Amino acid sequence: MSFTPFDIEVIQSKWEQRVEFNLVESGVHPLRLEELLGFPGSELEVGALLATELNYPHVNGIPALRENIARLYPVTSGAAADIDNVLVTVGASEANNIIMQTLMEPGDELLTQTPTYMQLWGMALNTGHTVKTFGLQADAGWALDLEALNNGLSSHTKIIAVCNPNNPTGHIMTEAEMDAVVEAADRVGAWIVADEVYRGAERLREDETPSFYGRYDKVLCLGSLSKAYGLPGLRIGWITGSVDTIEALWRRHEYTTVSTTILSNKLAALALSPAVRPQLIRRTRDYVRRGFPVLEAWMQEQAGLFSYTPPQASAITFIRYHLDINSTQLMEQLCRETGVFVGAGDAFGMDHYLRVAFGQDKAVLEEAFARISRVLHQLQAA
Ligand SMILES: Cc1ncc(COP(=O)(O)O)c(C=O)c1O
């Protein structure tokens, strides 16, 4: 069987440690360990961390961490999540991986949004499954194409995959769009896999993006500390779902990684504690909200060259460039000639786009944007 590589991760592995300006990483600028431990209200002392015995943690995540994760899924109807509804994984990456192993059987189809983070898409192809897509519409503010969603459904649809807030567009689904996804899944008995790793990184609203948790019985929700919390190095993600499905996923987790690390579990429990979590979310939103005007000013200066819909959440935006050059080629040229690394639209299923991250300090963004403009103007003039 042919193998489809995970393009965005391949590109990141190759370039991210070499470039001067990394505008591919979709989270905000990461915290240093001392910043995390130093938040007011932090209950983890350096001494207690140093005294940690470097043993395996609970394989499904230490209870204190699962308790803090469960608290993120209150539901107005049905039961709120508790710790048995949560499995801690090595990032949302492992979560996606074991979900595919657990749910997809021969003959099953994946129906996924596009553009999106393409891990499920590639994994489904690599295990011989059919993948169908439904678009977010570029000319309609990235609204869901509900007709395509319904057309993509079949009696073989096992998973409908959504990423909300969406990577790479930053679009947040409306309640009507969420209802439409639930109705579509219910019609054929499909699972909804909702990747919600950017929940908490809202740019415009103070409340958090609503979760799919509790809206339908066959829902699995993914979270991660990598994006909305600025802690990708902890490699902590999670899945929230019904107790029996979480148990089944846990059985695959034992085969895949056994567990995350004890240090990551402790630090993640601290990050999601009631005292620290709001401060991390504030920090992330400050990066998103400070970076966005810099991006917006750049977009206005380059009118004619770019068009885009401002993201509603996350520190990333998906920009259409009006030049006749392939996005992977352009991305590589930018890396080589300017030291600025941006995501190629190809890696999200749409050529002629660049995904640009703006969760960095103003001076960094201004210099990086100026360098990108120089190359694009040369290409335009050629
Ligand atoms: C939408 C989405 N899901 C999952 C991941 C995987 O993140 P991690 O494994 O760091 O939690 C990413 C990383 O970019 C992402 O953007």
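Residues numbered from 1 in each chain as written. Predicted model: local features only at pLDDT ≥ 70, side-chain atom pairs only at ≥ 80, totals over all residues. Heavy atoms only, no water.

Q: I'd like to hear about the site of the ligand, residue by residue, with values.
A: Close to the ligand lie 14 residues, the nearest being Ala92, Ser93, Asp195, Ser224 and Ser226. Contact distances for the ligand include 2.7 Å between an oxygen atom and a side-chain N or O atom of Asn167. Between Asp195 and the ligand, the recorded distance is 2.6 Å, taken from a side-chain N or O atom to a nitrogen atom. Considering each element in turn, the shell around the ligand owes the most residues, 3 residues, to helix α5 (residues 91-103). (Near = heavy atom within 4 Å. Polar contact = N/O pair within 3.5 Å; in protein donor to acceptor, adjacent residues only side chain to side chain. Helix = DSSP H or I, 4+ residues; strand = E, 2+ residues; numbered from the N terminus.)

Q: Got a sec to walk through unusual backbone geometry? Specific residues and values, please.
A: Cis geometry marks the peptide bond from Asn164 to Pro165; its omega dihedral reads -10°. Here Pro165 is to be found in the loop between β6 (157-163) and α8 (175-188). Of note, the bond from Asn167 into Pro168 is cis; its omega dihedral lies within 30 degrees of zero at 20°. Among the secondary structure elements, Pro168 is positioned in the loop between β6 and α8. In this structure, Trp142 takes a positive phi of about 65° despite not being glycine. Inspection of the secondary structure puts Trp142 in the loop between β4 (130-137) and β5 (143-144). The exposure class assigned to Trp142 is buried, which follows from its relative accessible area of 3%. One non-glycine residue, Arg235, lies in positive phi territory at about 55°. Within the fold, Arg235 resides in the loop between β8 (219-224) and β9 (237-240). On the accessibility criterion, Arg235 (35% relative accessible area) is partly exposed. (Buried < 20%, exposed > 50% of the residue type's maximum accessible area, 1.4 Å probe, protein only.)

Q: Outline the nonpolar core, supporting the account with residue identities and numerical values.
A: If you look at the biggest cluster of nonpolar residues, it comprises 72 residues, and the most contacted ones within it are Leu36, Ile160, Ile192, Phe212, Leu225, Tyr229 and Trp238. Here the element with the most residues in this core is helix α10 (residues 262-271); it accounts for 6 residues. Here this core spans two domains, since at least three of its residues come from each of domain 1 (7-32 + 278-377) and domain 2 (37-276). Those residues in contact with Tyr229 that lie beyond four places of it in its chain are Leu31, Leu72, Ser224, Trp238, Leu272, Arg277, Leu280, Ile281 and Thr284. By size, the runner-up hydrophobic cluster in this structure holds 30 residues, among which are Phe21, Leu330, Leu334 and Val375. (Core = buried A, V, L, I, M, F, W, Y, C linked by side-chain atoms within 4.5 Å. Domains from an automatic or database assignment. Contact = heavy atoms within 4.5 Å.)

Q: So, a negative patch on the surface: which residues are in play, and what are the values?
A: On the surface, Asp179, Glu183, Asp186 and Asp217 cluster together to form a negatively charged patch. Along the chain, the position of Asp217 falls in the loop between β7 (191-195) and β8. (Patch = residues over 30% accessible without salt bridge, like charges linked within 9 Å, V, L, I, M, F, W, Y side chains within 5 Å. Areas by Shrake-Rupley, 256 points an atom, 1.4 Å probe, with all protein chains shown as cover. Salt bridge = Lys/Arg side-chain N within 4 Å of Asp/Glu carboxyl O. Lys, Arg positive; Asp, Glu negative; His and termini not counted. Charge placed at Lys NZ, Arg CZ, Asp CG, Glu CD.)

Q: Quick one: what's the story with the pattern of salt bridges, residue by residue and with numbers?
A: Under the defined criterion, the tally for this structure stands at 20 salt bridges. Note that Glu35 is salt-bridged to Arg32, the shortest N-O span being 3.8 Å. Judged by relative accessible area, which is 28%, Glu35 ranks as partly exposed. Of the charged contacts in the structure, one is a salt bridge between Lys158 and Glu105, with a shortest N-O distance of 3.1 Å. Residue Lys158 is found in strand β6, and its partner Glu105 is found in the loop between α5 and β3 (109-114); the two are separated by 53 residues along the sequence.

Q: Could you give an account of the sheet that holds strand β13 (residues 343-344), naming the residues involved and the relevant values?
A: Ordered in space as β10-β11-β14-β13, the 4 strands form an open sheet in which the pairing is antiparallel. Looking at strand neighbours, the two that pair on one side only are β10 (306-308) and β13, the edges of this open sheet. Inspection of the sheet shows β13 paired to strand β14 (residues 353-357) by 2 bridges, in the antiparallel sense. Opposite Gly343, over in β14, you have Arg355 as the bridge partner. The sheet contacts of helix α11 (residues 277-301) involve β10, β11 (316-321) and β14, and relative to β10 the element is tilted by about 135°. (Pairing = 2+ DSSP bridges. Axes fitted to C-alpha atoms, helices over the stretch in contact; angles between N-to-C directions.)

Q: Can you explain the pairing of β6? Please cite residues and give values.
A: Taken across its 7 residues, β6 has 7 buried, putting it largely inside the fold. Note that β3 and β6 share 4 bridges and pair parallel. Bridging from a neighbouring strand, Leu111 pairs with Ile160 of β6. Running through α8, the crossover from β6 to the neighbouring parallel element β7 is right-handed. (Right-handed = clockwise from strand over helix to strand, strands pointing away.)

Q: Can you break down the domain arrangement of the chain residue by residue, with the values?
A: Under the domain assignment used here, the chain contains domain 1 (7-32 + 278-377) and domain 2 (37-276). Computed from C-alpha coordinates alone, the two centres of domain 1 and domain 2 are separated by 24 Å. Across the boundary between the two partners, domain 1 contributes 34 residues, which contact 39 residues of domain 2. Surface buried jointly by domain 1 and domain 2 totals about 3,200 Å² across both partners, of which 54% is contributed by carbon and sulfur atoms. Sorting the residues of domain 1 by area buried against domain 2 places Gln279, Arg285 and Gln312 first, and these three jointly supply 21% of that buried surface. Counting the contacts that link domain 1 with domain 2 gives 5 salt bridges. Connecting domain 1 to domain 2 are 25 residue pairs in polar contact (both at pLDDT 80 or more). Only α1 (7-15), α11, β11 and β14 provide two or more residues apiece to the side of domain 1 that touches domain 2. The biggest single contributor to the side of domain 1 that touches domain 2 is α11, with 11 residues. Across the side of domain 1 that touches domain 2, the residue classes tally to 18 nonpolar, 9 polar and 7 charged. (Buried area = accessible area lost by both parts, 1.4 Å probe. Nonpolar A, V, L, I, M, F, W, Y, C, P; charged D, E, K, R; others polar.)

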